[in-house]
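Read off the chains here:
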Amino acid sequence: MKLPVVAVVGRPNVGKSTFFNRVLGERVAIVEDRPGVTRDRNYARTEWNGREFYLVDTGGMIEGSDEPMDRLIRDQVMAAIGEADVLVQLVDGKAGPHPLDYAIAEHLRKTQKPALLLVNKMDNLGAPTATGHHEFWDLGIGEPFPVSSTSGKGSGDVLDQIVWQLPEGTEEEEEALRVAVIGRPNVGKSSFVNRLLGEERLVVSDVAGTTRDAIDTPMKYKGRGFIFVDTAGLRRQSKIDEGVEFYSAIRTERAIDRADVCVLLVDAQEPIAVQDLKIAEKAWDSGKGLIIIANKWDLVEKETMTSRRYEEEIQKRAPYLHWVPILFTSAKTGLRVNGVMELILKVQEQRQRRIPTHQVNEVLRAMVVRTKPPTYQGRAIRFQYGTQVAVEPPTFILWCTDPEGVPESYERYLMNGFRAAWSFEGAPVVIRLRRRDDEGRPRRKQGTPQPVDEAADDGVEVVYVGGGGGRGEDDFDEEFEDDDALDGDDGWDDEEEDE
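Residues numbered from 1 in each chain as written. Predicted model: local features only at pLDDT ≥ 70, side-chain atom pairs only at ≥ 80, totals over all residues. Heavy atoms only, no water.

What about the overall build of the protein?
- A tally of helices and strands in the protein yields 12 helices and 18 strands.
- When the 499 residues of the protein are sorted by exposure, 52% land in the buried category.
- Looking at the protein as shown, the accessible area adds up to about 22,800 Å², and 46% of this sits on carbon and sulfur atoms. (Helix = DSSP H or I, 4+ residues; strand = E, 2+ residues; numbered from the N terminus. Buried < 20%, exposed > 50% of the residue type's maximum accessible area, 1.4 Å probe, protein only. Areas by Shrake-Rupley, 256 points an atom, 1.4 Å probe, with all protein chains shown as cover.)

Some details on the packing of helix H10 (residues 357-370) against helix H11 (residues 408-422)
- Two elements in contact, H10 and H11, have axes whose closest approach is 10 Å; the angle formed by their N-to-C orientations is 130 degrees. Viewed along their axes, H10 and H11 adopt a mutual orientation that is oblique. When the axes of H10 and H11 are compared, the crossing they make is right-handed. Between H10, through Gln359, Val360, Val363, Leu364, Met367, Val368 and Arg370, and H11, the contact on the second element is made entirely by Tyr410, Tyr413, Leu414, Gly417, Phe418, Ala421 and Trp422. (Axes fitted to C-alpha atoms, helices over the stretch in contact; angles between N-to-C directions. Parallel < 35°, antiparallel > 145°, perpendicular 65-115°, else oblique. Left-handed = near helix turned anticlockwise from the far one by under 90°. Contact = heavy atoms within 4.5 Å.)

Some points on the pairing of strand E7 (residues 177-183)
- Within E7, 7 of the 7 residues are buried, which leaves the element mostly enclosed by the surrounding structure.
- By the alternation rule, side chains of E7 split into Leu177, Val179, Val181 and Gly183 and Arg178, Ala180 and Ile182, which are all buried.
- Bridge analysis of E7 against strand E9 (residues 224-230) gives 5 bridges, and the strand direction is parallel. In the sheet register, Val179 faces E9, and the bridge partner there is Phe228. (Pairing = 2+ DSSP bridges.)

Examining helix H7 (residues 274-285)
- Between its first and last C-alpha atoms H7 spans 16 Å; for 12 residues at 1.5 Å apiece the expected length is 16 Å, and the two agree.
- Of the residues making up H7, those classed as buried are Gln275, Asp276, Leu277, Ile279, Ala280, Ala283 and Trp284.
- Once H7 finishes, Gly287 follows within two positions and takes phi at roughly 80 degrees, a positive value. (Expected span 1.5 Å × (residues − 1).)

Some points on the confidence of the model for the protein
- With 73% of its residues at a pLDDT of 70 or more, the protein has an overall mean of 76.
- Helix H9 (residues 339-351) holds the highest mean pLDDT among the elements of the protein, 94, whereas helix H12 (residues 452-455) holds the lowest, 39.
- Scored below 50 in pLDDT, residues 30-37 shows 25 contacts in the model against residues more than four places distant or in partner chains. (pLDDT = per-residue confidence, 0-100.)

Let's talk about the packing of aromatic side chains
- The full count for this structure, using the stated rule, is 14 aromatic pairs.
- Ring geometry for Phe396 against Phe418: centres 5.0 Å apart, planes inclined by 50 degrees, an arrangement best described as tilted. Taken together, the residues span a long stretch of sequence, with Phe396 in strand E16 (residues 395-400) and Phe418 in helix H11 at a distance of 22 residues.
- Its relative accessible area of 0% is what places Phe396 among the buried residues.
- A relative accessible area of 1% means that Phe418 is categorised as buried.
- The interplanar angle of 65 degrees and the centroid separation of 6.4 Å between the aromatic rings of Trp422 and Phe424 together place this pair among those described as edge-to-face.
- For Trp422, a relative accessible area of 6% gives the class buried. (Phe/Tyr/Trp six-rings, centres within 6.5 Å; stacked < 30°, edge-to-face > 60°.)

Let's talk about the pattern of salt bridges
- Inspection of the entire model under this criterion finds 17 salt bridges.
- Between Glu312 and Arg308 there is a salt bridge, with the nearest N and O atoms lying 3.4 Å from each other. Of the two residues, Glu312 and Arg308 are both situated in helix H8 (residues 306-317); the distance of 4 residues between them amounts to about one turn of the helix.
- The exposure class of Glu312 is partly exposed, given its relative accessible area of 33%.
- For Arg308, a relative accessible area of 32% puts it in the partly exposed group.
- Look at the salt bridges and you will find they share partners, linking Arg379, Asp402, Glu404 and Arg435 into a network. (Salt bridge = Lys/Arg side-chain N within 4 Å of Asp/Glu carboxyl O.)

This is how it looks when you write it as structure tokens:
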């Protein structure tokens, strides 16, 4: 059974997002002192008194409005009411009862679901004059609970009431895979997520900037939990205004940091833009899995090899894009959208892949035999052994005599060799060079792996690249052929090498 759902509803600007953030204990939703900031359903998993549940923040509901955005927000609120197990209506205690409050309360009564009425902005709780919340008995959904979302007053009592009315549920067995849908404004991110979910979960409009928060949306696929995060479109820094758009950009960057896999949507009708590349690089350098979705493919005029030429144009823009899978879809028609889920699982599997140490050394030795390392300060650089020390992203430590003397060109050669052997499609790979008398320093940063000392606790066996016939054997340190050379905590011979 899935976790129970608690939906927070109300008219615009009564403090729903502030209450949402207060319960979660962090600023998940954007809050601004004007109506209409929240538009989508924003899901977050939280806990109170040992009970876990999903809390859903919704946009301000306006009954009877003919504005397209108001109608879209109303549809989202009604959907949230329909799927919730417990309903929470927020009203403004300073403004008093409003006709919209009565209209929303009527919707809640019709559902016959447990409902709580929270009178917000009651900052003077405890004072003899703090009786304004009693005006809201007329709404007919039960006792009004005075709270202050800003200061947190009364929130504990309210959460006790919410938990008491929750139906029985069980926690999900495994941690959900977080997928951030990123890209420039108006490339179809919300439409894409809605198509994956099979329902209109997010507000979709032709107006750029409709999505403002990073919207968490849970779903199940083949028994596994996913959380899709629809993000606000990232524009150039010079184009970002202060206020809501500024905080939207911050939320999007945080969504990338918290994600396992990032899905970059681009408009297939246009060449990939510099801003697209910057967004992709942000995800790649953060060590996240990356997939490029060329959306609106149904609108592109097709010729022979059209998709292949588009791929080649993308791959020319940055070397790492050769290892990023590209899928051509249409969120409008559903073209190839179903293939995205399998691709996400494949990329995550590559991020978590661990290569046995003996295979690492076999590939490393073959590359060194094929192309000798350069010399440094008059002496040949010799590689001794290598091992994988971390996953998410895959991280390798290679020991050699002079790490500082290995040029980036040779390190790229090693990186390409590892890619040719194991692919790691869609996953960044980190290589760090180390010698026995230092703690290692990062090279060609492509993510943030765990520290070397912590990774050593994983029990990964460190094995010297064995000898054998063929040219290039002198590029390996012969002193480490003896098994005794593996004695010691760091896998190095205690005796100084005779240079």
